[in-house]
Amino acid sequence: MDVPMYVTTFDNTDSKISLDNIATDAPKDLSREAAEGRLSALGTEMFELQDLLWGARTHAVLIVLQGMDTSGKDGAIKNVAGFLNPRGISVVSFGVPTKEENEHDFLWRIHKHAPRRGEWTLFNRSHYEDVLVVRVENLCPESIWRERFGHIRDFEELLSEHNTIVLKFFLHISKEEQKKRLLEREQDERTAWKLNVGDWQTREKWKDYRDAYEDALRKTATGRAPWHIVPANNKWFRNLAIAEAIVETLRPYKKIWRKKLDDIGVRARGELDSYRQKRND
Ligand code: ATP
């Protein structure tokens with residue numbers, strides 16, 4: 001697999017992931033202007049890839065966004081979706097499970113939103129909440145959340161066995177950056193509606209969440225469903241890094257999708273020719 005330039009990718013469960021050792025800031029040697037130019041080119045390529053896949057219908061794309069509060073999951077989704085044809089994408093947000101959802105296994109509400117072939121789905125939070133918030137807030141016994149790592153690996157393996165390309169992103173912000181963003185929300189009337197005491201309460205458990213994340217990332221990083229850790233303190237860089245990881249992952253499929261479209265074209269042309277011949281009879 002090609003490793004994108006700007007994210008740290010983990011694709012096996014032996015990975016020693018230490019979030020403290022992974023940058024949250026954009027690289028010093030990259031200017032915002034250069035990043036935006038590159039992002040625009042990647043966006044064009046992403047659209048072309050989506051278009052090929054829409055016609056070929058051989059694979060589906062699932063993008064999972066996780067991160068602490070204010071890490072920019074919404075902004076990242078808006079950016080990726082902005083490059084794509086809305087016809088072929090869905091965005092699904094997962095909040096506190098409903099009563100009905102809680103009366104099923106934890107993957108029940110997730111699986112039904114898995115993308116069909118030809119399409120993309122972007123998850124804002126996901127089944128990972130069931131080994132993160134559930135663990136830190138003690139919402140179920142350890143024996144239950146702990147066995148979910150295996151269920152998650154099997155679930156993602158099942159999806160990829162059925163031609164779903166799974167990309168998982170952890171948006172990595174620093175604790176200081178989170179504070180800055182929460183305070184900015186308070187100061188701006190237009191974002192005050194997002195204020196939530198719960199965000200500050202969750203922040204008090206920063207270390208617990210970080211440990212839970214490290215554990216989850218380690219235990220569910222696999223070759224077919226790798227984790228991409230994105231330095232997310234700078235929004236412009238976050239957008240570039242995610243776009244790059246997506247395009248690098250999908251680019252190798254281009255040949256398969258083109259070939260499939262060529263085959264479909266040859267068949268369609270043949271059908272049209274025989275239709276015309278019959279009409280001339
Ligand atoms: P966000 O912070 O995701 O942008 P939000 O703060 O507006 O969105 P909602 O979308 O209403 O919040 O819900 C997100 C909340 O739901 C988070 O606090 C998250 O931890 C919680 N949540 C998600 N999945 C689960 C789960 N399986 N069990 C318990 N809580 C969950």
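One structure accompanies this document, and this report is about it.

What about the site of the ligand?
Then, in step 1: In the vicinity of the ligand lie 13 residues, with Gly95, Arg109, Arg125, Glu129 and Asp130 positioned nearest.
Then, in step 2: Within the backbone of Gly95, one N or O atom sits 3.2 Å away from a nitrogen atom of the ligand.
Then, in step 3: In this structure, an oxygen atom belonging to the ligand sits 3.2 Å away from a main-chain N or O atom of Val96.
Then, in step 4: The fraction of the free accessible surface of the ligand (630 Å²) that becomes covered by protein chains is 63%.
Then, in step 5: Classifying every residue of the shell around the ligand by side-chain character gives six nonpolar, two polar and five charged.

Re the layout of surface pockets
Then, in step 1: One number sums up the size of the largest pocket: a volume of about 900 Å³.
Then, in step 2: Surrounding the largest pocket, 24 residues form its lining, Thr70, Gly72, Asp74, Arg185 and Lys194 being those nearest its centre.
Then, in step 3: The set of elements that each furnish at least two residues to the lining of the largest pocket consists of helix 2 (73–83), helix 7 (175–187), helix 8 (197–203) and helix 10 (235–250).
Then, in step 4: For the lining of the largest pocket, the leading source of residues is helix 2, giving four residues.
Then, in step 5: Classifying every residue of the lining of the largest pocket by side-chain character gives one nonpolar, ten polar and 13 charged.
Then, in step 6: In this structure, the second largest pocket encloses a volume near 580 Å³.

What counts and what doesn't
- Residues numbered from 1 in each chain as written.
- Predicted model: local features only at pLDDT ≥ 70, side-chain atom pairs only at ≥ 80, totals over all residues.
- Heavy atoms only, no water.
- Near = heavy atom within 4 Å.
- Polar contact = N/O pair within 3.5 Å; in protein donor to acceptor, adjacent residues only side chain to side chain.
- Areas by Shrake-Rupley, 256 points an atom, 1.4 Å probe, with all protein chains shown as cover.
- Nonpolar A, V, L, I, M, F, W, Y, C, P; charged D, E, K, R; others polar.
- 1 Å grid on protein atoms, 1.4 Å probe; cavity = no way out; pocket = protein on both sides within 12 Å on 5 of 7 lines; lining within 4 Å.
- Points joined across faces, edges and corners; volume = space filled by probe spheres on them.
- Helix = DSSP H or I, 4+ residues; strand = E, 2+ residues; numbered from the N terminus.

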